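Report on the structure
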Amino acid sequence: MKPSLLRRAGPDATRSVAVIPLLREPPTTAATAALTGAPAARADDAASQETGGVNAPPAQAPSPAAGSAGATAPGWRGTIAAIGLALARHRRVVIGVQWFVVLFYMALVIIPVFQPLPPEDAHLWDNLRLFAQFLFWGVWWPGVMIATLTLGRVWCGLFCPEGSLTEWVSHRGLGKPVPRWLKWAGWPLVAFVCTTVYGQLVSVYEYPQAALLVLGGSSVAAVAVGLIYGRGKRIWCRYLCPASGVFAILAKVAPLHYRVDREKWEEEEARRTIPIQPVNCAPLVDIRRMSSASECHACGRCAGHRDAVQLTARLPGAEIVDTRTRVSTAEALTLLFGILGVATAAFQWTVSPWFVQAKLALADWLIEHDSFTMLQDNAPWWLLTHYPEASDTFTWLDGAVVLTYIVGGGFALGCALTLGPLLAAAILRDELLRWQRLTMALAPLGGISVFLGLSMMTLTHLKAEHLPLGWVADVRIALLALGAGGALWLALGLVRQADASLPRRLAALACLSLPVAIMVKVWHQVFFVW
C-alpha cells in the first residue's frame, strides 16, 4: 500500500471532480399553494417541448417595449425584471464578459501545468500553482453550485466557457441536424459518473496535468460537437455536458426564473401585423411553452420577448411541488445515483476507513498468493495517478479499489435513497405524485451535499495556511440542516397535495424522510466520526 493514500486521508482531504422553463403562473399557483398551505386546484403534467429549427439562423436579442410588464412592475419585482431586460439589451457586454471568462479559465487550466511542484513553505499568495488550484476548485466550483441553487443556470448562460466556445464555433461549423442517439436523456448522468470517477483516478484536484486532461478534454469535446451539430446553438450543453444534469436539478430550487405568460404571448401574436423576429435560444428551449427552469440557461436573451417573458421571483422549490411541470426518470436517477450517490462516494473515499481496510485486506491476500501484478505502480499518469517526484503513485490495486468504492458505493447509496420515494409513491397511489416527482424533494439536499464536498478542498487549503477553522463545524451543521430542512419542506408540500387519507399522507412523508436521514448520517460520519 502506498503511504500517500493514507497520508491524504485526512478529515478535509478530497479528490472529487463531481462538480467537479414554467407555464403561465397566476398569483396563487398550485406550487405556491402547496408550499404556503393555500387551497389550489390540481393540474395535469405539462410536457415541455423541444424547440425546432436547430439550424435556424440566430436572431438579435429582443428589444422590449418600454411599457412592458418587466419594465413597469413596481418595487423589487420590477427591479428583478429590469435585470432580465438589461441582459437582453446589452448582449455585447454579456459576450465580452463571456470571452473574459474563457481566457481566464484557459489561464487557470493551462499555465499551472508548466509550473514546478510547490515547495513545502509555499503559500496561496506567492505560488501560482497553489493559487490556481485553490481558486478553481476551492472557490470557483463551490460558488457555481450556490449560484445555481439561488439564481438558476446563470453560470451556463452568462459565464460558462464551454458553452460560449461551443456556441461560437457552431456559427462556423457544419450545422448538421442533431441525431437521435445524441438526444438520449441518459447522457448527462453517464458523462457525470464517468468524469467523476476518472477525475478521482488521475487526481484532478491536486495536479494541473490531470485538470488539463479532464477539463481541457471536455472543452475540446464541446468545440467538436459545436463544429458538427447545430447552427448558433449549444448542442453540447443541452445533451452531453457532464454538469448539465446537476445544474438542471439544482435550478428547480432557485427562487429566480424566467416566467412565460402564455396569454400575453398569444395576445401579442394576434395583435401584431408585422412578424416579430424570433429569439435565438442557444440551448434549444421552446420559449413559448417553457415550463421549467431546468433547461433554461438564464442568459436573458428572451426577456421582454412579446412582452410575455420576464425574470421574476418565486418561492424556492416552487417548480418541484408544481404538478404541472414535467419531471423525467433521467432527472430522478441523476439526483439519486449521480448527485447523492456517486458524487458523495467520491467525496468520501479519501477519509473512509472502510476504503483503507478493504485495500489492506486485498493487498495481504495478493501477497499471500504471490500475485504482485496489481501491486505495481507502473500505470501512466493519464490513467492512474503517477507522480513519483511528489511521492504520489497509484498501484493498479489502488485504482481498482477506488473505482469499486465510488461506483459500487454510489450505486448502493443510490438504491437505499430510492426506497423512500418508491414507497411513498406506492402509498399515495397518485398519478401526479409518482416517485420521480417525489424524488425531486431531495434537490436542496443534493445541492448542499455537493457544496459540502467541494468545500472540503477549500478547507484543505485554508488549513495549510494555518487559518483558524473553529467555525467550520457549526457552518457544516447549519448547511446540512438547511438542505435537510428544505428537502422535508418540499416533501411536505408534495404530500399534502395527494388525494389520499391523512394516515397515508403521513406514512408517505415518513418514507420521504428516510433518504434525508440517510444523507445526514453519511455526512455526519464523514465530518464528525471519521
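Please refer to the structure placed before this passage.
Residues numbered from 1 in each chain as written. Predicted model: local features only at pLDDT ≥ 70, side-chain atom pairs only at ≥ 80, totals over all residues. Heavy atoms only, no water.

Below, the discussion takes up the overall build of the protein chain. Along its length, the protein chain carries 21 helices and 4 strands. A buried classification covers 56% of the 530 residues belonging to the protein chain. About 22300 Å² of surface is accessible on the protein chain, with carbon and sulfur atoms providing 66% of the total. (Helix = DSSP H or I, 4+ residues; strand = E, 2+ residues; numbered from the N terminus. Buried < 20%, exposed > 50% of the residue type's maximum accessible area, 1.4 Å probe, protein only. Areas by Shrake-Rupley, 256 points an atom, 1.4 Å probe, with all protein chains shown as cover.)

Another aspect to go through is the nonpolar core. Membership of the largest hydrophobic core comes to 94 residues, with the highest contact counts inside it found for Phe136, Trp137 and Trp141. Ranked by size, the runner-up nonpolar core spans 23 residues in total, among them Leu87, Ala88, Leu158 and Met290. (Core = buried A, V, L, I, M, F, W, Y, C linked by side-chain atoms within 4.5 Å.)

For the rest of this paragraph, the subject is helix H6 (residues 128-151). At leucine 135, H6 shows its largest kink, close to 30 degrees. Structurally, the start of H6 carries an N-cap: the backbone nitrogen of arginine 129 is 3.1 Å from a side-chain oxygen of asparagine 127. (Bend = angle between axes of the 7 residues up to and from the residue. Polar contact = N/O pair within 3.5 Å; in protein donor to acceptor, adjacent residues only side chain to side chain.)

On to empty space enclosed by the protein. Of the volumes computed, that of the largest cavity is approximately 110 Å³. Contributing to the lining of the largest cavity are 16 residues, with Cys281, Cys296, His297, Cys299 and Cys302 lying nearest its centre. Of the residues assigned to the lining of the largest cavity, the class counts are 12 nonpolar, 3 polar and 1 charged. (1 Å grid on protein atoms, 1.4 Å probe; cavity = no way out; pocket = protein on both sides within 12 Å on 5 of 7 lines; lining within 4 Å. Points joined across faces, edges and corners; volume = space filled by probe spheres on them. Nonpolar A, V, L, I, M, F, W, Y, C, P; charged D, E, K, R; others polar.)

It is worth spelling out the pairing of strand S2 (residues 309-313) at this point. Of all 5 residues making up S2, 5 are buried, and the element is well covered by its neighbours. On S2, burial covers both faces: Val309, Leu311 and Ala313 on one face and Gln310 and Thr312 on the other are all buried.

The full count for this structure, using the stated rule, is 21 aromatic pairs. Taken together, a centroid distance of 4.7 Å and an interplanar angle of 40 degrees make the contact between tryptophan 137 and tyrosine 205 tilted. Note that tryptophan 137 is positioned in helix H6 and tyrosine 205 in the loop between helix H9 (187-201) and helix H10 (208-228), a separation of 68 residues in sequence. The same class applies to tryptophan 137 as to tyrosine 205, namely buried. With centroids separated by 3.8 Å and ring planes inclined at 15 degrees, the aromatic side chains of tyrosine 207 and tyrosine 387 adopt a geometry described as stacked. Remark: tyrosine 387 occurs in strand S3 (residues 386-387) and tyrosine 207 occurs in the loop between H9 and H10; sequence separation between them is 180 residues. (Phe/Tyr/Trp six-rings, centres within 6.5 Å; stacked < 30°, edge-to-face > 60°.)

Our next topic: the side chain of threonine 393. Structurally, threonine 393 can be placed in strand S4 (residues 392-393). Residue threonine 393 is classed as buried on the basis of its relative accessible area, which comes to 8%. Within the structure, the side chain of threonine 393 is placed 3.2 Å from the side chain of aspartate 377, a separation counted as a polar contact.

Evaluation of the coordinates by the stated rule reveals 10 salt bridges. Where arginine 238 meets glutamate 295, a salt bridge forms, and the shortest distance between an N and an O atom there is 3.4 Å. Of this pair, arginine 238 sits in helix H11 (residues 235-240) while glutamate 295 sits in the loop between helix H13 (262-271) and S2, and the two are 57 residues apart along the sequence. Take glutamate 295: its relative accessible area is 24%, and that puts it in the partly exposed class. Between glutamate 331 and lysine 252 there is a salt bridge; the shortest N-O distance is 3.5 Å. With a gap of 79 residues between them, glutamate 331 in helix H15 (residues 329-348) and lysine 252 in the loop between helix H12 (244-250) and strand S1 (256-260) connect regions that are remote in the sequence. (Salt bridge = Lys/Arg side-chain N within 4 Å of Asp/Glu carboxyl O.)

What follows covers the state of the cysteines. Inspection of every chain in the model, using the stated rule, returns 0 disulfides. As a non-bridged cysteine, cysteine 302 has cysteine 296 as the owner of its nearest cysteine sulfur, 5.9 Å distant. (Disulfide = S-S within 2.5 Å.)

Right, let's talk about the packing of helix H5 (residues 91-110) against H10 for a bit. Running from N to C, H5 and H10 point in directions that differ by 145 degrees, and their axes come no closer than 8 Å. Between H5 and H10, the residues in contact are Tyr105, Val109 and Ile110 and Pro208, Ala211, Leu212, Leu215 and Ser219, respectively. Taken together, the residues of the contact of H5 with H10 break down into 7 nonpolar, 1 polar and no charged. (Axes fitted to C-alpha atoms, helices over the stretch in contact; angles between N-to-C directions. Contact = heavy atoms within 4.5 Å.)

Another aspect to go through is the environment of glycine 447. For glycine 447, the location among the structural elements is in helix H19 (residues 443-464). According to the relative accessible area criterion, glycine 447 is buried, its value standing at 0%. For glycine 447 and leucine 250, which are 197 residues apart along the polypeptide, the C-alpha to C-alpha distance reads 6.2 Å. Leaving out residues up to four positions away in the same chain, glycine 447 has contacts with Leu149 and Leu250.

Distances and angles like these do not, on their own, reveal function.
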